[in-house]
Amino acid sequence: MSPPSAPPPYNLLVACCSLWPTQQCCQGGGGKPLSAPQGAETFDVRGTSGLKVYVVYSPTLVTAPGGAGRWPLHSDVEVTVALNGPSSTVNDNKVSGRRRDTRKRGQRLALWAISLEADTSRNGVVESNTKWTWGPNGEGAILLVNCDRDGPSSGNMDNAYPYTFIQDVQHRETVLYLQDLSLVLLNTHGPAGVFSTHKLVLHTSVFDAGKVRVFHANGDSPPSNYEHVLGSDKLSYVVRSTDGRAQHTFYVEGLAFPDAGFKGLVSLHATLLDQSSQNLPATPVFTDTVVFRVAPWIMTPNTMKPLELFVLTVKSKQSVRQSYRIHFYILPFSWNGNADAMDFHQQDEIEFGYVQAPHKSFPVVFDSPRNRGLKEFPFKKILGPDFGYVTREPRDGYVSGLDSFGNLDVSPPVTVKGKQYPLGRILIGSSFPGSGNRRMAKVVRDFLYAQKVQPPVELYSDWLTVGHVDEFLTFVPAPNRKGFRLLLASPSACLKLFKEKQREGYGDAALFEGESGPVFSLPSQPANTILHGDSKYVQSCIDWNRNILKRELGLSERDIIDIPQLFTLEGSTAMALFPDMVNMLVLGKHLGIPKPFGPIIHGECCLESQVRSLLEPLGLTCDFIDDFFSYHVLSGEVHCGTNVCRERFSFPWWNMIP
């Protein structure tokens with residue numbers, strides 16, 4: 001059924017009455033049901049000048065009367081009454097209907113406009129909408145988790161996070177802090193005297209109250225006038241009585257990222273309650289709702305522009321500094337000064353990402369549960385104004401090597417069988433299906449899956465002694481249709497290269513020649529059959545992941561480059577034989593690659609030469625960095641000892657369709 005024309009488009013407390021068509025025929029607007037009298041067959045209806053009256057019917061079941069004819073009393077005929085605008089006094093309009101026996105029935109009506117508004121169109125303009133949908137034409141408001149720290153550091157990790165508005169607003173200009181929060185306006189317009197029998201309540205559910213805080217701006221200044229009215233144990237707030245036109249300003253902050261058991265949606269409601277009866281509880285008359293989705297934490301891939309490079313104080317620092325024009329943040333070997341807790345692998349401790357809303361965006365560091373020497377570094381030195389912090393810790397305290405964030409990566413944007421992933425897909429290392437071995441902690445995996453915008457792909461990394469995905473893969477920018485290439489470590493490619501060099505007469509060349517480490521001849525003699533067997537096993541593990549990546553990222557063989565690399569088995573797991581070149585630092589078109597110390601042929605390392613021939617045609621610059629003693633012998637490489645905060649995507653996450 002549809003009316004001849006639509007009612008007013010704004011949110012109003014509209015009186016909707018059906019006079020006589022059904023046994024229970026008047027609903028909404030506080031009206032009482034009117035029963036159809038015995039013998040009644042037809043009716044007409046009309047209202048005062050401030051009303052619009054609509055007859056809603058099904059043309060297939062009911063024939064509309066012509067001229068001054070009456071409508072039939074039929075279950076498929078309804079009358080909807082809407083006021084043209086807010087009333088100036090209570091009961092200033094009237095709707096009436098007449099039966100065939102000329103008896104007249106009517107009801108006095110008044111309208112009070114209620115509108116709960118936020119930036120639901122995601123364009124900076126507040127308006128009313130009661131739903132949340134994805135996509136470029138989607139609707140619904142965005143909420144940022146207040147995970148940065150705008151006030152001074154407390155120095156105490158246990159009680160300073162989340163560092164919310166209650167602390168922050170005491171230490172910064174309120175107008176600057178409010179930029180992080182989402183604005184909500186409650187507009188009211190109605191007749192004088194309505195609050196003598198009604199009250200207006202802002203409220204949220206028990207579940208949502210733990211995910212948000214709402215502050216009421218009681219004036220323009222100072223900070224103390226921002227009253228905490230909803231959130232935690234505060235489920236409802238009675239808005240002060242105001243007759244006529246009024247606007248109430250609220251600010252909302254998120255307290256929780258999407259996670260297991262929380263889809264990221266929270267709702268605020270404004271409800272008008274009728275409390276005219278002294279003997280009965282207040283009853284709801286009308287409710288308006290605004291729905292927020294909490295902004296997810298988003299990772300950035302190697303292809304995004306680097307903004308800040310974090311480097312440890314090792315001898316390779318100077319060569320890195322000379323190669324890249326970027327702001328450096330230099331960390332000592334052991335940030336906390338404890339010589340017994342030296343921590344060389346900052347990539348394993350933290351991962352940089354960001355959060356974004358239409359009104360604000362800022363970077364957020366994700367702190368792994370690894371908790372070694374750099375445990376307090378991200379909280380005490382990175383968390384700050386407009387730089388957020390988030391972490392997830394297993395309840396049982398058990399952490400494996402796969403919980404380090406060298407085991408966390410993200411692809412550039414991809415399209416898979418027509419499905420677009422404009423923010424890429426997160427990659428995490430896991431155990432072989434069904435093996436029951438090491439896996440990333442459930443709380444971390446649950447968090448990553450719950451963000452929705454970068455659906456994770458689980459790879460097989462447990463075959464490695466350390467067990468991280470950055471030991472066998474990385475992405476580099478490239479001028480092709482996808483904008484990147486996937487680099488995979490390849491024992492097969494390495495053995496093939498060495499065999500070619502042996503056939504060329506360089507069978508006596510050796511690995512690590514000129515370096516203080518042990519010297520290995522080219523693995524072509526029978527004495528190296530163990531290494532060949534190890535390589536065959538490792539290649540099968542990498543090929544397993546190769547097939548997953550091709551399927552889940554929509555890649556073809558031309559999107560993949562094999563980087564020569566050998567691994568050796570130590571027990572049942574593998575370690576890189578020479579510095580792992582895939583474990584590189586990517587800064588735009590500049591690559592900081594672990595120096596492999598391969599066989600020297602014609603005065604040049606044949607491994608370096610081979611990698612240059614593969615990557616330089618893509619417009620990339622290859623800088624080989626000696627990390628042998630600073631990282632390689634400590635089970636890491638250049639990527640493990642560095643970290644990069646990158647520019648965010650230009651694509652708004654809410655425009656995608658998960």
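Residues numbered from 1 in each chain as written. Predicted model: local features only at pLDDT ≥ 70, side-chain atom pairs only at ≥ 80, totals over all residues. Heavy atoms only, no water.

## Description of the overall build of the chain
Here is the rule we go by: Helix numbers and strand numbers start at the N terminus; a helix is a DSSP run of H or I with at least 4 residues, a strand a run of E with at least 2. Two residues qualify as a contact provided that any one of their heavy atoms is within 4.5 Å of a heavy atom in the partner residue.
Of the regular secondary structure elements, the chain holds eleven helices and 40 strands. Of the contacts made within the chain by residues no fewer than 6 positions apart, 70% connect residues no fewer than 24 positions apart.

## Some remarks on helix H8 (residues 491-503)
Put simply, the rule reads: For a helix, the expected span equals 1.5 Å multiplied by the residue count minus one. Burial status follows relative accessibility: with a 1.4 Å probe on protein chains alone, a residue under 20% of its type maximum counts as buried, one over 50% as exposed, and anything between as partly exposed. Working definition: the arc comes from the directions between the helix axis and the C-beta atoms, pointing outward to the latter.
Taking 1.5 Å of rise per residue, the 13 residues of H8 would be expected to cover 18 Å, and the 18 Å separating its terminal C-alpha atoms lies within 8% of that figure. Regarding H8, the residues found buried are Pro491, Cys494, Leu495, Leu497, Phe498 and Lys501. Relative to the axis of H8, the buried residues are bounded by an arc of 160° and lie together on one face. Opposite the buried face of H8, at more than 90 degrees from it, the exposed residues are Lys496 and Arg503. Just beyond H8, the residue with positive phi is Gly505, at close to 100°.

## Re a nonpolar patch on the surface
Put simply, the test is: Surface patches are drawn from residues lacking salt bridges whose relative accessible area is over 30%; two like charges belong together within 9 Å, two nonpolar side chains (Val, Leu, Ile, Met, Phe, Trp, Tyr) within 5 Å. Accessible surface is estimated by sampling points in the Shrake-Rupley manner with a 1.4 Å probe; for residues, cover comes only from the protein chains shown. The working definition used for a salt bridge is a side-chain nitrogen of Lys or Arg within 4 Å of a carboxyl oxygen of Asp or Glu.
Judged by side-chain polarity, Phe629, Val633 and Leu634 come together as a nonpolar surface patch covering roughly 240 Å² of accessible area. Within the secondary structure, Leu634 is located in the loop between strand S39 (621-625) and helix H11 (638-641).

## Observations regarding the pattern of salt bridges
Under the criterion given, the structure shown has 23 salt bridges. Lys442 serves as the salt-bridge partner of Asp446, at 2.7 Å between the closest nitrogen and oxygen. Within this pair, Asp446 and its partner Lys442 are both found in helix H7 (residues 442-450), separated by four residues, close to a single helical turn. On the basis of relative accessible area, Lys442 is assigned to the exposed category, the value being 53%. With its nearest N and O atoms 4.0 Å apart, the salt bridge here joins Glu458 to Arg445. Of this pair, Glu458 sits in strand S27 (residues 457-460) while Arg445 sits in helix H7, and the two are 13 residues apart along the sequence. Classification of Glu458 by relative accessible area gives partly exposed; the value is 24%.

## Topic: unusual backbone geometry
For His602, which is not a glycine, the phi torsion comes out positive at approximately 55°. If you trace the backbone, His602 turns up in the loop between strand S37 (600-601) and strand S38 (604-605). Here His602 falls in the exposed class, since its relative accessible area comes to 72%.

## Description of the packing of H8 against helix H9 (residues 529-553)
Rules: Axis definition: a line fitted to C-alpha atoms, limited for helices to the stretch in contact. Angles are taken between N-to-C directions and run from 0 to 180 degrees. Geometric relationships in this document are graded by angle, where less than 35 degrees denotes roughly parallel, more than 145 denotes roughly antiparallel, 65 to 115 denotes roughly perpendicular, and other angles denote oblique. Each residue gets one of three labels, nonpolar for Ala, Val, Leu, Ile, Met, Phe, Trp, Tyr, Cys and Pro, charged for Asp, Glu, Lys and Arg, and polar for the others, Gly among them.
Axis separation between H8 and H9 bottoms out at 8 Å; the angle between their running directions is 140°. Classified by the angle their axes make, H8 and H9 are oblique. Contacts between H8 and H9 involve Pro491, Ser492, Leu495 and Lys499 from the first element and His532, Ser535, Val538, Gln539 and Ile542 from the second. Here the residues of the contact of H8 with H9 sort into four nonpolar, four polar and one charged.

## A word on the UniProt feature "active site" (unreviewed entry) in the chain
What counts, and what does not: UniProt positions are given in the numbering used here, feature names are shortened, and annotations may be inferred rather than shown by experiment.
Summarizing the sequence annotation, UniProt attributes the feature "active site" (unreviewed entry) to Asp348, His468, Asp470 and Cys640 in the numbering used throughout. These annotated residues cover 293 residues of sequence, and their C-alpha atoms all fall within 10.2 Å of one another, placing them together at a single site. Inspection of the secondary structure assignment puts Asp470 in the loop between S27 and strand S28 (473-477). In contact with Asp470, other than residues within four places in its own chain, are Gln347, Gly406, Val582, Asn583, His639 and Cys640. Locating Cys640 in the fold gives a position in helix H11. According to the relative accessible area criterion, Cys640 is buried, its value standing at 5%. Each residue touching Cys640, except ones within four places of it in the same chain, is listed here: Phe344, His345, Gln346, Gln347, Asp348, Asp470 and Asn583.

## Focus on the sheet that holds strand S13 (residues 236-239)
Quick note on the threshold: Only when DSSP finds a minimum of two bridges between them are two strands counted as paired.
Across the sheet, five strands lie side by side as S8-S16-S15-S10-S13; this open sheet has mixed pairing. Among the strands making up the open sheet, the edge pair consists of strand S8 (141-143) and S13. Averaged over neighbouring strand pairs, the angle between their axes works out to 30° when direction is ignored. For strand S15 (residues 265-274) and strand S16 (residues 283-294), the ladder comprises ten bridges, and the chain directions are antiparallel. Its bridge partner lying in S16, Thr271 is registered against Thr287.

## Side note on the side chain of Asn583
Filter applied, for reference: Two N or O atoms count as a polar contact when they lie within 3.5 Å, although within protein this holds only if one can serve as hydrogen donor and the other as acceptor, and sequence-adjacent residues are included solely when both atoms are side-chain atoms.
Here Asn583 is to be found in the loop between strand S34 (573-576) and strand S35 (585-587). Judged by its relative accessible area of 1%, Asn583 is buried. Here the side chain of Asn583 touches Cys640 through a polar contact of 3.3 Å, landing on its backbone nitrogen. Excluding its chain neighbours within four sequence positions, the residues that come into contact with Asn583 are Asp470, Glu471, Pro594, Glu637, Val638, His639 and Cys640.

## Quick notes on the state of the cysteines
Our working definition: For the purposes of this analysis, a disulfide is any pair of cysteine sulfur atoms at a distance within 2.5 Å.
Counted according to the given criterion, the structure contains zero disulfides. Between Cys605, a cysteine without a disulfide, and Cys606, which holds the nearest cysteine sulfur, the sulfur-to-sulfur distance is 5.5 Å. A relative accessible area of 5% places Cys605 in the buried class.

## Some thoughts on the packing of aromatic side chains
Here is the rule: Each Phe, Tyr or Trp ring (for Trp, its six-membered ring) is paired with any other whose centre lies within 6.5 Å, and the angle between the two planes then decides the class: stacked below 30 degrees, edge-to-face above 60, tilted in between. Geometrically, a charge over a ring is one whose NZ (Lys) or CZ (Arg) sits within 6 Å of the ring centre while staying within 35 degrees of the ring normal.
Overall, the coordinates contain 21 aromatic pairs when judged by the stated rule. Centroid distance Trp297 to Phe447: 6.3 Å. Interplanar angle 45°. Geometry classified as tilted. Note that Trp297 is positioned in the loop between S16 and strand S17 (298-299) and Phe447 in helix H7, a separation of 150 residues in sequence. Per residue, the accessibility class of Trp297 equals that of Phe447, and both read buried. Between Phe366 and Phe405, the ring centres sit 4.8 Å apart and the planes meet at 50°, which makes this aromatic pair tilted. Pair noted here: Phe366 is in strand S21 (residues 360-367) and Phe405 is in the loop between strand S22 (388-391) and strand S23 (408-410), with a separation of 39 residues, a long-range link. Each member of the pair Phe366 and Phe405 is classed as buried. Among the aromatic side chains, those forming a connected cluster through ring pairs are Phe257, Trp297, Phe366, Phe405 and Phe447. The ring of Phe262 is capped by Lys211, whose NZ or CZ atom sits 5.2 Å from the centre of that ring. One residue, Arg425, lies across the ring of Tyr421, its end atom 4.7 Å from the ring centre.

## A closer look at the pairing of S21
Our working rule: Assignment of crossover handedness uses the view with strands pointing away from the viewer, where a clockwise path from the first strand over the helix to the second indicates a right-handed crossover.
Most of S21 is tucked away, with six of its eight residues classed as buried. As judged from the eight bridges shared by strand S20 (residues 350-357) and S21, these two strands associate in the antiparallel manner. Each residue of the ladder has a partner; that of Glu351, found in S21, is Phe366. Pairing of S21 with S22 involves four bridges; the strand directions are parallel. Across the sheet, residue Asp367 finds its bridge partner in S22, namely Thr391. As a crossover connection, the stretch from S21 through helix H6 (residues 377-382) into S22 is right-handed.

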